[in-house]
Amino acid sequence: MGHDIQLKRIYAAPEADDGARVLVDRLWPRGKRRDTLALSDWYREASPSNGLRRDWHQGKISHAVFSRRYRWEMADAEDCLLPLMRLTRRGRLTLLSAARDLEQSHLPILREALLEALAEEDREADGTAQSSPPCYAASLAADQAAPPSSNA
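About the cut-offs
As a convention, each chain's residues are numbered from 1 in the sequence order in which they are written. Per-residue local features of the predicted model are confined to residues with pLDDT of at least 70, and side-chain atom pairs are confined, for both listing and counting, to 80 or more; whole-chain, interface and lining totals are unaffected and use all residues. As a rule here, side-chain values cover all heavy atoms of the structure and leave hydrogens and water aside. In this description a helix means any DSSP run of H or I spanning at least four residues, a strand means any run of E spanning at least two, and both kinds are numbered starting from the N terminus. Buried means the residue's accessible area, taken with a 1.4 Å probe over protein chains only, is under 20% of the maximum for its type, while exposed means over 50%, and partly exposed covers the values in between. Contacts are assigned to residue pairs that have any heavy atoms within 4.5 Å of one another. Computed with a 1.4 Å probe, the accessible areas rest on the Shrake-Rupley method; for each residue, only the protein chains presented here act as cover. Each salt bridge in this description consists of a side-chain nitrogen of Lys or Arg and a carboxyl oxygen of Asp or Glu lying within 4 Å of one another. In short, DSSP must find at least two bridges between two strands for them to pair.

> It is not clear to me how the overall build of the chain should be interpreted in this structure. Could you clarify?
Of the regular secondary structure elements, the chain holds five helices and four strands. Tracing the chain from N to C terminus, the helices and strands come up as β-β-β-α-α-α-β-α-α. Counting only residues that meet the buried cut, the chain has 34% of its 152 residues in that class. The long-range share in the chain, meaning contacts at least 24 apart out of those at least 6 apart in sequence, stands at 60%. If you sum the accessible surface of the chain, you get close to 9,500 Å²; carbon and sulfur atoms cover 51% of it.

The structure is reproduced here in structure tokens:
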């Protein structure tokens with residue numbers, strides 16, 4: 001199933017087709033009042049930690065290192081994506097940030113992590129994902145019992 005997650009700056013005007021609008025920054029955007037933003041939620045738990053954000057903005061780490069460490073932070077906080085996944089399943093989700101360059105911010109990484117988590121949840125729901133040790137054992141036994149393929 002295709003999920004609709006768009007990225008926008010918090011300073012862009014809200015649009016009727018934005019769906020759920022969620023600010024995913026640790027800091028409140030300068031000069032913005034909450035009642036003017038049409039927010040569904042301000043969800044800090046899915047944003048990078050203060051230390052990671054600071055290292056990235058100060059140029060101490062590359063974008064690749066930032067991306068990897070941000071993914072680790074999300075993996076360590078097991079349920080941090082669940083509220084965003086629920087909103088995505090209901091319809092369009094608009095992730096908002098005060099970042100000037102959205103493509104070089106945490107939002108594309110967050111969107112990718114959300115889409116991966118939703119795909120994994122879908123695989124588990126339709127029964128194609130191996131979810132328990134007996135499933136893995138049956139798969140391993142089937143692999144070992146299969147005759148070796150010949151490429152002659």
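> What should I look at first to understand the pattern of salt bridges in this one?
Across all of its chains, the model carries 12 salt bridges by this definition. One salt bridge connects R92 with D4, and the closest N-O pair in it is separated by 2.7 Å. Of this pair, R92 sits in the loop between α3 (82-90) and β4 (93-97) while D4 sits in the segment before β1 (5-9), and the two are 88 residues apart along the sequence. Taking the relative accessible area as the measure of exposure, R92 reaches 26% and is therefore partly exposed. Measuring nitrogen to oxygen at the nearest pair gives 2.8 Å for the salt bridge that ties R89 to E121. Separated by 32 residues along the polypeptide, R89 in helix α3 and E121 in helix α4 (residues 107-126) bring together distant segments of the chain.

> How should the pairing of β4 be read in this particular structure?
For a regular strand, side-chain orientation follows a simple rule: the groups alternate between the two sheet faces. Across the five residues of β4, five count as buried, placing the element largely inside the fold. By the alternation rule, side chains of β4 split into L93, L95 and S97 and T94 and L96, which are all buried. The sheet contact formed by β1 and β4 spans five bridges and is parallel. In the sheet register, Q6 faces β4, and the bridge partner there is T94. Pairing of strand β2 (residues 20-23) with β4, which is carried by four bridges, proceeds in the parallel orientation. The partner of R21 across the bridge, within β4, is T94.

So yeah, pure geometry; function would need other evidence.
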